[in-house]
Amino acid sequence: MRLLKLVPLFFVTAALSSAQSIPAIRAKALDNSEIILPSPGSHQVLILIVGFSQKSGKLCEVWSKQISADYHADTRIAYFSLPVLQSAPSLVRPMIVYGMRKGVPTQELRRFVPLYSNESDWKKLVNFSTPDDAYLLIATPDGHPLWQAHGSYSDAIYADLQKSLATLLEKSSTPSP
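Heads up: these notes are all about the structure in this document. (Residues numbered from 1 in each chain as written. Predicted model: local features only at pLDDT ≥ 70, side-chain atom pairs only at ≥ 80, totals over all residues. Heavy atoms only, no water.)

### Comments concerning the sheet that holds strand E6 (residues 145-150)
Note the following rule: In this scheme, strands are said to pair when DSSP sees at least two bridges between them. Secondary structure is summarised from DSSP: a helix means a run of H or I of at least four residues, a strand means a run of E of at least two, and numbering begins at the N terminus for each. Axis lines are fitted through C-alpha atoms, for helices just across the contact stretch, and the angle between N-to-C directions can take any value from 0 to 180 degrees. In this description, contact between two residues means that some pair of their heavy atoms is separated by no more than 4.5 Å.
Strand order in this open sheet of 4 strands is E4-E3-E5-E6, and the pairing throughout is mixed. Looking at the sheet topology across the chains shown, the edges are occupied by strand E4 (77-83) and E6. Taking the axes of each pair of neighbouring strands and ignoring which way they run, one obtains an average angle of 15° across the sheet. Relative to E6, strand E5 (residues 134-139) is paired through 5 bridges, and the arrangement is antiparallel. Bridging across to E6, Leu 137 finds its partner in Gln 148. With respect to the sheet, helix H2 (residues 54-71) is in contact with strand E3 (45-51), E4 and E5, its orientation differing from that of E3 by roughly 160°.

Set out below in structure tokens:
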């Protein structure tokens, strides 16, 4: 029985270790600021909330609100919601972005970054399985993913995110010998 509990952990670890880095992002946030990820020289740990459909957008919104409430003022962390719009028809994209801009609090606009390319790379990175899920990643400042999950908000997954984030922040603040 104990071995069965370790099997999923092995697969998540193997999947994350095979991922090189997040796909490079150079895009405009909803406030029109330019976002570059991974950001050269940054020391901020990344929390990324990735969605691939309109339904996933609702789940991403719940995750984003919780993460914002807990980490908005923490300068050691950069968090972003990344709606992947590559598959959306190009004529519809401006309407989607307009709707997002209307629904996001002004102070959070800089944290919403629509993506129009690299959809297959993102799907591979997050081990895409369900289009209507929210996909969560914690990555090092240079973009190497260390933790991931997907689905609707749950206290258990959020506690795991917080634990993984705390461990990473503790390691990054500990001086190297």
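### A short note on helix H3 (residues 93-103)
Working note: α-helix, 3.6 residues per turn, so residues spaced by three or four point in the same direction. Short version of the rule: Only protein chains enter the accessibility calculation, which uses a 1.4 Å probe. A residue is then buried if its area is under 20% of the maximum for its type, exposed if over 50%, and partly exposed in between. The arc in question is traced by the directions running from the helix axis to the C-beta atoms.
Listing the buried residues of H3 in full gives Arg 93, Val 97 and Met 100. In an axial view of H3, the angular spread of the buried residues amounts to 60°, which keeps them on one side of the axis. Turned more than 90 degrees from where H3 packs its buried face, Pro 94, Met 95, Tyr 98, Lys 102 and Gly 103 sit exposed. Residues of H3 that are buried in the fold lie against E4.

### Some remarks on unusual backbone geometry
Residues Leu 37 and Pro 38 are joined by a peptide bond in cis, for which omega reads -15°. Here Pro 38 is to be found in the loop between strand E2 (34-37) and E3. Positive phi, close to 70°, is recorded for Asn 32, a residue that is not glycine. Mapped onto the secondary structure, Asn 32 falls in the loop between strand E1 (25-28) and E2.

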